[in-house]
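Geometric and topological summary
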Amino acid sequence: MADVFRGLNLLETLKESIESNKLADVKDAVEDLLISRINLAVVGDRGDEKAFFMNSLRGLGPGDEGAAPSPSPAAPEEVAGYPNPKHPDFRLWDLPPVPTTSPFEPEGYMDRVKFLRYNAVFMTFTETPQPNSVEVFLEARSLQRQTVYFILLAPVKDTEKSLEERRKASLDVLTSQGVAQPKVYLVTPLTLEKFDFPGLLEDMGKDLPEIRANALLLALPTLTATLVTQKKDAFKALVWAAASLSGGMSAIPVPLVASMVDSSIAVRILTKAQLSLCLDDESVERLARQRGIEPARLKGLRTCALSAEVTKGEVKNRLTAAEKDLATVSSKLLEMAMPRHARSASCSFAAMLQALNGAIDEMAVDAEKVVSAALEERK
């Protein structure tokens, strides 16, 4: 993993790498952002709510291809893996419920399911957490594993009042077993945008290493307009890194090399953005089916050509147009953005930055329109 991610501020650490002429670090950073892996595990009884939750995390409905079935076909002690059809580097793991037997050794369960290999673990339940699950949580904390979260999965039929009562009872259980400052996230598996799931994502963003938090953000479905904005910002950081790399390469006078690299990396970034923002035909059709909306209605909201299809031709046209339009870019802004030694390569940097940021802005607008229409239909 590139050392460039160890800082707290991605752009600042990237700038430092450029200033130190560490283009290899920046290249590694771009690759890490494009293909970073994350593994999430879900512990709990294998019922409908757990299956719905795992499917919603991947943007799937119960009948979609690749959806986790209920009841689960996995053997009681088996760990089942569920890849994300659009993001192969994001995997969900269905862990068997923690045994209720006594005496209980949390280390034995954790070793059996390889608990510590996952980037984050959701301890799910529908009533209150059972004592042995709390023991597993406490053991994980004793091993300095902070990314373990208690999640109360709310059945659709329950009222908000009854759910809040259940949350309070769960907090009492955790407190009685010695959990300091306990937290229980209330999540509705079929409507993740409600209740505490957005807050859970915020906390995970703070707890996970930056590269893992970024991988999770980009792999999740576009549940809310806020999530669309966060994805857009993440892609703009990626664009900055790629444009910086482009500027460094352009300083080497080899004909066509820089433009070929620019076009290739731009296609990869915008393809990932299209999938992350759930703008491809398959994602839009699936969302329409889940919400009971005519697919053509949601597809018609996409006004950016790249939202519907990312082609090398369209990307090249945008890069060419940006190069011609460079006179409108403030040289002062370029000087602020680029390290001193790389300003001679600022034209390539500016062209890529302008072209890709403009494309991502347009795609994000389309994603916001699609999300808004889907949420409005749900109301």
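Residues numbered from 1 in each chain as written. Predicted model: local features only at pLDDT ≥ 70, side-chain atom pairs only at ≥ 80, totals over all residues. Heavy atoms only, no water.

Looking up the protein in an unreviewed UniProt entry gives the name IRG-type G domain-containing protein, with the organism given as Amphiprion ocellaris. Note on the protein: under the UniProt heading Sequence similarities (unreviewed entry), the record states "Belongs to the TRAFAC class dynamin-like GTPase superfamily. IRG family." (UniProt positions renumbered as here; feature names shortened; annotations may be inferred.)

**A short note on the overall build of the protein**
When its secondary structure is counted, the protein shows 16 helices and 6 strands. Residues counted as buried form 51% of the 379 residues belonging to the protein. Put simply, 72% of the contacts in the protein that link residues at least 6 apart link residues at least 24 apart. By element, 53% of the accessible surface of the protein is carried by carbon and sulfur atoms, the whole surface being about 17700 Å². (Helix = DSSP H or I, 4+ residues; strand = E, 2+ residues; numbered from the N terminus. Buried < 20%, exposed > 50% of the residue type's maximum accessible area, 1.4 Å probe, protein only. Contact = heavy atoms within 4.5 Å. Areas by Shrake-Rupley, 256 points an atom, 1.4 Å probe, with all protein chains shown as cover.)

**Describing the nonpolar core**
Counting residues in hydrophobic clusters, the biggest one holds 81 residues, and the most contacted among them are Phe53 and Phe122. Setting aside residues no more than four positions away along its own chain, Phe122 makes contact with Leu40, Ala41, Val42, Val43, Phe53, Leu57, Tyr149, Ile151, Leu200 and Met204. (Core = buried A, V, L, I, M, F, W, Y, C linked by side-chain atoms within 4.5 Å.)

**Let's talk about the packing of aromatic side chains**
Under the counting rule described, the total for this entry stands at 6 aromatic pairs. Taken together, a centroid distance of 6.3 Å and an interplanar angle of 45° make the contact between Trp93 and Tyr118 tilted. With Trp93 in strand β3 (residues 90-95) and Tyr118 in the loop between α4 (106-113) and β4 (120-125), this pair connects stretches of sequence that are 25 residues apart. Overall, the relative accessible area of 2% leaves Tyr118 in the buried class. Taken together through their ring pairs, the aromatic side chains of Phe53, Phe122, Tyr149 and Tyr185 make up a single cluster. Above the ring of Trp93, the side-chain terminus of Arg117 is found at 4.7 Å from the ring centroid. (Phe/Tyr/Trp six-rings, centres within 6.5 Å; stacked < 30°, edge-to-face > 60°. Lys NZ or Arg CZ within 6 Å of the ring centre and 35° of its normal.)

**Digging into the side chain of Ser133**
One can find Ser133 in helix α5 (residues 131-142). Relative accessible area serves as the criterion here: at 12%, Ser133 is assigned to the buried category. Setting aside residues up to four positions removed in sequence, Ser133 forms contacts with Val98, Met123 and Phe150.

**A few points about the pairing of strand β2 (residues 80-83)**
Burial along β2 is one-sided: the residues Ala80 and Tyr82 are buried and none of Gly81 and Pro83 is. Where β2 and β3 come together, 4 bridges link them in antiparallel fashion. Counterpart to Pro83 in the pairing with β3 is Arg91. Here β2 folds back onto β3, and the loop between the two strands holds 6 residues. (Pairing = 2+ DSSP bridges.)

**Thoughts on the pattern of salt bridges**
Taken as a whole, this structure holds 21 salt bridges when the rule is applied. Across the pair Lys369 and Asp366 runs a salt bridge whose closest N-O atoms are separated by 3.4 Å. One end of the pair is Lys369 and the other is Asp366, both in helix α16 (residues 346-378) and 3 residues apart, which spans about a single turn. Taking relative accessible area as the criterion, Lys369 reaches 29% and is therefore assigned partly exposed. Residues participating in the shared-partner salt-bridge network are Lys86, Asp280, Glu282 and Arg286. (Salt bridge = Lys/Arg side-chain N within 4 Å of Asp/Glu carboxyl O.)

**Some words on the environment of His87**
Its place among the elements puts His87 in the loop between β2 and β3. Judged by relative accessible area, His87 falls into the buried class, the value being 9%.

**Quick notes on the layout of surface pockets**
The calculated volume of the largest pocket comes to roughly 630 Å³. Leu201, Gly205, Ala213, Leu217 and Gln230 are the residues nearest the centre of the largest pocket, which is lined by 28 residues in total. For the lining of the largest pocket, the elements supplying multiple residues, two or more each, are α7 (197-207), α8 (210-219) and α9 (225-250). The leading source of residues in the lining of the largest pocket is α7, at 8 residues. The residue inventory of the lining of the largest pocket, partitioned by class, reads 18 nonpolar, 6 polar and 4 charged. If you add up the space inside the second largest pocket, you get close to 460 Å³. The wall of the second largest pocket is formed by 34 residues, among which Gly59, Pro221, Leu287, Gln290 and Arg291 lie closest to the centre. Sorting the residues of the lining of the second largest pocket by element identifies α11 (281-291) and α16 as the ones contributing at least two each. The biggest single contributor to the lining of the second largest pocket is α16, with 6 residues. (1 Å grid on protein atoms, 1.4 Å probe; cavity = no way out; pocket = protein on both sides within 12 Å on 5 of 7 lines; lining within 4 Å. Points joined across faces, edges and corners; volume = space filled by probe spheres on them. Nonpolar A, V, L, I, M, F, W, Y, C, P; charged D, E, K, R; others polar.)

**Brief notes about the packing of α4 against α5**
Look at α4 against α5: their axes get within 9 Å of each other, and the N-to-C directions meet at 80°. In terms of axis orientation, α4 runs roughly perpendicular to α5. Side by side, α4 and α5 meet where Pro106, Glu107, Tyr109 and Met110 of the first sit next to Glu135, Val136, Glu139 and Ala140 of the second. (Axes fitted to C-alpha atoms, helices over the stretch in contact; angles between N-to-C directions. Parallel < 35°, antiparallel > 145°, perpendicular 65-115°, else oblique.)

**A few points about the pairing of strand β1 (residues 38-43)**
Counted residue by residue, β1 has 5 buried out of 6 residues, so it is predominantly covered. Bridge count between β1 and β3: 6 bridges; the pairing is parallel. Of the residues in β3, the one forming a bridge with Asn39 is Arg91.

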